[in-house]
Amino acid sequence: MNKMWGFILLYILGLNISQATGEAPSTQMYYVKLTIDKSAITNNMLPSNLSDSTRQVDELHLTTTCKDVVGKRECRCESGHRWSDNVCQSNSKCCGNDTCTFPVNSSHVCVSTNTVTIRGSIRIQGTRFHDCLADEHTEEFQNCSTELLHEMKKVYSTLRGFDVLKITKYGFGSIVADLEMTISKNMSPDDLMQKSEILIASLTASLNLETTGVVDLTMPHNPVKYGSQQQLVCTSQEDLSTMPVWWQKKDNEKAYPITNGTEADMTSTTRTSRLTLKNMSAFWEGQYTCEFHQKKGSLYINHSASAVMDVALLPNIFITTVPEFPRCRTMEDLLEVRGKCLIREDNETYNVTWRSQDMLAIIIPLKADYSSGEAVYVAETGVGCDSPNQRPKLTCTFHNILNQTRDASFDINIIYVGERFCEAEGDWGETKAGLTAVLQCKDTDGLRQRKCRDNSTWEQEEVECVNNDVSMLLRSAHVVDIGRGSLNENAEEVFNRLGNVTNNSMAINTVSNMKATVDVLGVLSQQQRLRLNGSGVDGFLESSSNLMEKSLEKTWTEEKDDGNLSLAETYISSVEKLIEAANITTNNTLKNIEVATCNKEQGSGCTNTAFGVTVDFDSSDNGSVATAGFKQLENYLPHRDEKYGVNSIVVMTTTQKKHSGSVVVKIKFPLLRPRPRNVEIKCVSWEYATRQWSPRGCEWMGPHDDGHCVCSHLSSFAILMARDPIVLPGMAEITIVGLSISVMSLVINLVIELIVWRAVVKTNTRYLRHVSQVNISLCLLVADCCFLASFKPHEIPEIWCKALVMLKHFCYLSMFFWMFCLSSTLLHQTVFLFHNMSKKIYIRFYISLGYACPLLIVLITFLTNSGGAEGVYFSKETCWLVYSGLFRGSIHTFIIPVGTIIIVNVFSMVVVIMKLLDHPKNAGSPDDRSAAKSVMRTVILLTPIFGVTWIFGFGVTIVDLSSGIAASLVNYVFILLNSFQGLFILLTTFLGDNLTREALLKHLKKRASVGDSSMTLDTTLKN
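Please read all numbers here as calculations on a predicted model, not as lab measurements.

A. Focus on the overall build of the protein. Of the regular secondary structure elements, the protein holds 19 helices and 48 strands. Going through the 1023 residues of the protein one by one, you find that 46% of them count as buried. Within the protein, contacts between residues at least 6 apart in sequence are counted, and of these 68% link residues at least 24 apart. In the structure as shown, the protein presents an accessible area of about 51800 Å², 54% of it carried by carbon and sulfur atoms.

B. Just the pairing of strand β36 (residues 606-610), in detail. Of the two faces of β36, only one is covered, namely that formed by C606, N608 and A610; the face formed by T607 and T609 stays uncovered. The pairing of β36 with strand β37 (residues 613-619) spans five bridges and is classified as antiparallel. Each residue of the ladder has a partner; that of T609, found in β37, is T614. What sits between β36 and β37 in their antiparallel hairpin is a turn of two residues, with F611 showing a positive phi close to 50°.

C. Representation of the state of the cysteines in the model. A full pass over the atoms with the stated rule returns 12 disulfides. Shown here is the disulfide that connects C77 with C110, its sulfur atoms set 1.8 Å apart. Its S-S torsion of approximately -80° makes the covalent link between C77 and C110 left-handed. In this pair, C77 is assigned in strand β5 (residues 72-77) and C110 in strand β8 (residues 110-112), connecting sequence segments 33 residues apart. Classification of C77 as buried rests on a relative accessible area of 4%. Each disulfide pairs two cysteine sulfurs, and for C328 the partner residue is C385, the sulfurs being separated by 2.0 Å. On the S-S bond that ties C328 to C385, the torsion sits near -85°, and the link is left-handed.

D. Layout of the side chain of S273. By secondary structure assignment, the location of S273 is in strand β18 (residues 272-277). Side chain to side chain, S273 and W246 meet in a polar contact 2.7 Å long. Separated by 2.7 Å, the side chains of S273 and S268 make a polar contact. The residues touching S273, leaving out its near neighbours within four places in the chain, are L232, V233, C234, P244, W246, T267 and S268.

E. Quick peek at the side chain of K195. Among the secondary structure elements, K195 is positioned in helix α3 (residues 189-203). D191 provides the closest opposite charge to the buried, unpaired K195, separated from it by 6.1 Å. Here the side chain of K195 touches T158 through a polar contact of 3.4 Å, side chain to side chain.

F. Highlighting the sheet that holds β18. Read across the open sheet, the four strands follow the order β13-β14-β18-β17; overall the sheet is antiparallel. Only two strands of the sheet have a single neighbouring strand rather than two, namely β13 (215-218) and β17 (264-268). Strand-to-strand twist of the sheet, defined as the mean angle between neighbouring strand axes without regard to direction, takes the value 15°. Relative to β18, strand β14 (residues 230-236) runs antiparallel, the two sharing six bridges. Bridged to V233 within β18 is R274.

G. Spatial organisation of the sheet that holds strand β31 (residues 436-440). Read across the open sheet, the three strands follow the order β31-β32-β33; overall the sheet is antiparallel. At either margin of the open sheet sits one strand with a lone partner, and together these are β31 and β33 (462-463).

H. Spatial organisation of the packing of aromatic side chains. Scanning all chains against the criterion turns up 25 aromatic pairs. Ring geometry for W83 versus F102: centroids 5.1 Å apart, planes at 70°, classification edge-to-face. One end of the pair, W83, is in strand β6 (residues 81-83); the other, F102, is in strand β7 (residues 99-103), with 19 residues separating them in the sequence. You'll find W83 and F102 in the same group, each marked buried. Consider the rings of W818 and Y846, whose centres lie 6.4 Å apart with planes at 80°: the pair is edge-to-face. One end of the pair, W818, is in helix α12 (residues 798-831); the other, Y846, is in helix α13 (residues 839-864), and 28 residues separate them in sequence. Note on accessibility: W818 and Y846 belong to one class, buried. Ring pairing ties together the aromatic residues Y812, F816, W880, F894, W950 and F974, which thus form one cluster. A cation over a ring is seen here: K631 above F611, with NZ or CZ 4.7 Å from the ring centre. Over the ring of F787 we find K808; its NZ or CZ atom is 5.0 Å from the centre of that ring.

I. Up close: the confidence of the model for the protein. Of the residues in the protein, 89% have a pLDDT of 70 or more, and the chain-wide mean is 85. Per-element mean pLDDT across the protein ranges from 54 in strand β1 (residues 4-15) up to 96 in β18. Here residues 15-22 scores under 50 on pLDDT; set against residues more than four positions off or in separate chains, the count is 18 contacts. Note that residues 1019-1023 has pLDDT below 50 and, in this model, zero contacts with residues that lie over four places away or in other chains.

J. Broad picture of the packing of helix α6 (residues 511-525) against helix α9 (residues 567-581). With their axes 8 Å apart at the nearest point, α6 and α9 run at an angle of 35° to one another. The crossing of α6 and α9 is left-handed. Along its contact with α6, which presents M514, K515, V518, L521, G522, L524 and S525, the element α9 presents L567, T570, Y571, S574, V575, K577 and L578. Partitioned by chemical class, the residues of the contact of α6 with α9 number eight nonpolar, four polar and two charged.

K. View of a nonpolar patch on the surface. On the surface, a nonpolar cluster with roughly 280 Å² of combined accessible area is contributed by I362, I364 and L366. Along the polypeptide, I364 turns up in strand β24 (residues 364-365).

L. Looking closely at unusual backbone geometry. A cis geometry characterises the amide bond from N222 onward to P223, with omega recorded as -10°. In the segment running from V322 into P323, the intervening peptide bond is cis, with an omega of -5°. Along the chain, P323 turns up in the loop between β21 (318-322) and β22 (334-344). Non-glycine residue S241 carries a positive phi angle of around 55°. Its place among the elements puts S241 in the loop between β14 and β15 (245-249). Take S241: its relative accessible area is 63%, and that puts it in the exposed class.

Rules behind the numbers
- Residues numbered from 1 in each chain as written.
- Predicted model: local features only at pLDDT ≥ 70, side-chain atom pairs only at ≥ 80, totals over all residues.
- Heavy atoms only, no water.
- Helix = DSSP H or I, 4+ residues; strand = E, 2+ residues; numbered from the N terminus.
- Buried < 20%, exposed > 50% of the residue type's maximum accessible area, 1.4 Å probe, protein only.
- Contact = heavy atoms within 4.5 Å.
- Areas by Shrake-Rupley, 256 points an atom, 1.4 Å probe, with all protein chains shown as cover.
- Pairing = 2+ DSSP bridges.
- Disulfide = S-S within 2.5 Å.
- Polar contact = N/O pair within 3.5 Å; in protein donor to acceptor, adjacent residues only side chain to side chain.
- Lys, Arg positive; Asp, Glu negative; His and termini not counted.
- Salt bridge = Lys/Arg side-chain N within 4 Å of Asp/Glu carboxyl O.
- Axes fitted to C-alpha atoms, helices over the stretch in contact; angles between N-to-C directions.
- Phe/Tyr/Trp six-rings, centres within 6.5 Å; stacked < 30°, edge-to-face > 60°.
- Lys NZ or Arg CZ within 6 Å of the ring centre and 35° of its normal.
- pLDDT = per-residue confidence, 0-100.
- Left-handed = near helix turned anticlockwise from the far one by under 90°.
- Nonpolar A, V, L, I, M, F, W, Y, C, P; charged D, E, K, R; others polar.
- Patch = residues over 30% accessible without salt bridge, like charges linked within 9 Å, V, L, I, M, F, W, Y side chains within 5 Å.

What follows is the structure, encoded as structure tokens:
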């Protein structure tokens, strides 16, 4: 019996009458169903073309062959044809298969594999087609829509293979019409471009079109192996004179452009593009689209092709056992152990197998548990307690759909009978001595670890749990350059997310979270091709500032020192590189970071200011200079020099391009703490090689400008200040020896004065002079004793320090006021040679001046300086008055009166010397040598008793020891002269005075003669 066969014929009807331009005829696609007896089929039964005087039908093709089989119709697509999109949507089994089964009465047809689908929208200016925005049921709408469709068909129907054109929707914005068009054979993109230009010219419109079918995308067969290398090829029918663009879209994520990266490599021409993916993973799953963009004026055409890539995945596995350390009670025990393999849940269906080593029982897989995005595969087995030398091991293996495998193993450490272990405590189960228990963090990424010491005691827990958001950021940072998306855009997205995460300091307030967050900066800073702009710069600076929050201090300082770079080192290195990569054109001030920029031009420098630190930059090269100031960072960078502490914020200066010539960086720091006198400062930069602050290449400008540094390189800068003032070598020893000798000398002075008193005070002038000398010696004796008592301030209580300061303050002032009395007496005697002085009046005046004035000064100073408060009136570190700078500090209540008295005393000395020089002329015996001797003798004799040596004290006060060798010399001279002042007074004033010396010798001789007489008498009596 002959069977009836049905053929679906496709033919193109070509019209000889031009509808559009008068040059090209319109075409229309028709599908014809032909039913014939099987026996009538011949090889050449279809004519090549049909025509008459007005129409021509050509290119007849057999598209679909159908036959009826047992109540159904079985149809097959002929070569070069496929099932239409409508068929695929209604019957997914037909897609990809040439043969498909339908109901008997169906009439589905195959379409050419070269069919081109065009979708787009046209925006028409003017009012001609305004009625197309009316209600679709109105006559105005119908007429307008028909007219517009006719205008479009007039143009596009001249495309060879034209099949269908319809308008799907109208919209506002002038007149916007969405359209769909089908071309049922190969179409020339240039033809489409030309026809579209004609259309937009005739309608005064702009047109956006997207085609599928012009570009072919060749993909590997799905699924592809995990970790494999795959190649995708995108080819257009013609040279489109434009380079293609690749996109990848995964699930509900946004589409990412594909660029050259560590895992993607593209080689393209204007017709063909080859994309090589070097390491297939979950990142590369999804839909791939290849696009060629053509643009000319208001016409834009996008030729694209899309396909899906499926990857057979392999998981990262965390394996453990429950219990982690099974404990044997007896050697006959058989312990039940459950193995757990945990993975992140993904779209892959895994076949999980288990195997063991040195285990007695079989392994029984249990039902897997899926929760919170994780999958836990469990198996049950047993271990024996009779073989302490064995090391049982459990392994789980994951097989993907392509039978690729990944496994994880776990050594089961059994606590055998008699072995030491740590008792269970909280979350921690029993743990074998010398080993470390490991727990997975709950609701976060990472692990918790705790070691059981050999003596069966627990060490402190080590927590490495990382916030999920931070963990995802770190994973994203590691893949910014793989080629899935632009490097700069990926980094910008990571920085924006990082800024949002770090805004909540509670999310990163642990060491592990801080480390992961800083690692994000570190990973991104290693990208050599990275260039940050706009929101990427904002996100970077915001997150970097958030990390310096005061509330996060413990996360920086509690970091474990494991010999690797500290968090602060990673932070400063990363930020420096990222600032170099960032396009920062304006000043940015945040809470903990301020970045200022300036442009260095030829012949001039540039100046930046960050948090009050001024940086002047000069170089022979031009370019942008950025300065960043950091709050808190100075507290976190490693600092091993215990003699110095950081006393400024950290300031970084860098340029976007490397400078070939020399640079000069002048920095003026405001100090965090005022620099005390004689405390040395170092200008330093961070040296990455030695991982510490280094003064190399930087110079401090001296104590006159505490925070001024000049450096000859770019880096991160700061100021180090010594913790203690400069101590000159031997200064303490000289002081103690000198004061001790002075004390003894002053005691001798007073004893001598007591011995010779009657012999040397026979005139009023001599009486007043010796009264002054006695009081000077007495005040200096008490003051020197107090100085010795407070020589080690840190060893005496504060109250004693305050009392000794007051006593020294009073006694030294009294000494100088009595010196003033002495100098005024000598001056009066020199000027008014024959004037008799009233002893009683002068004694009352001298006592008032010598004790009342100093006492009044001390009391007023004490009361006006916060009642003698430490740090205001006196310093506990020195047990002396406070010096805060020129004319600042309680020390000036001592310096000013002393300075005034010394000036008067020097004046008195000058008058005396002038009188001595004038005396030989009056006497008529000009002897220059004798005059010079007299002057020298006078200077030597009067300098100690007049306190002239204290002039060097002004030098000590004014000149800072950090100034250099001159300051040290002044200090040595001052200490030598004034610590031995008591000895000098003994030698010059008492033993140097003829009358005193003669009286003392006379007294000693008298005592000696009395002694001889007594010896003679004793001898006589004995005889």
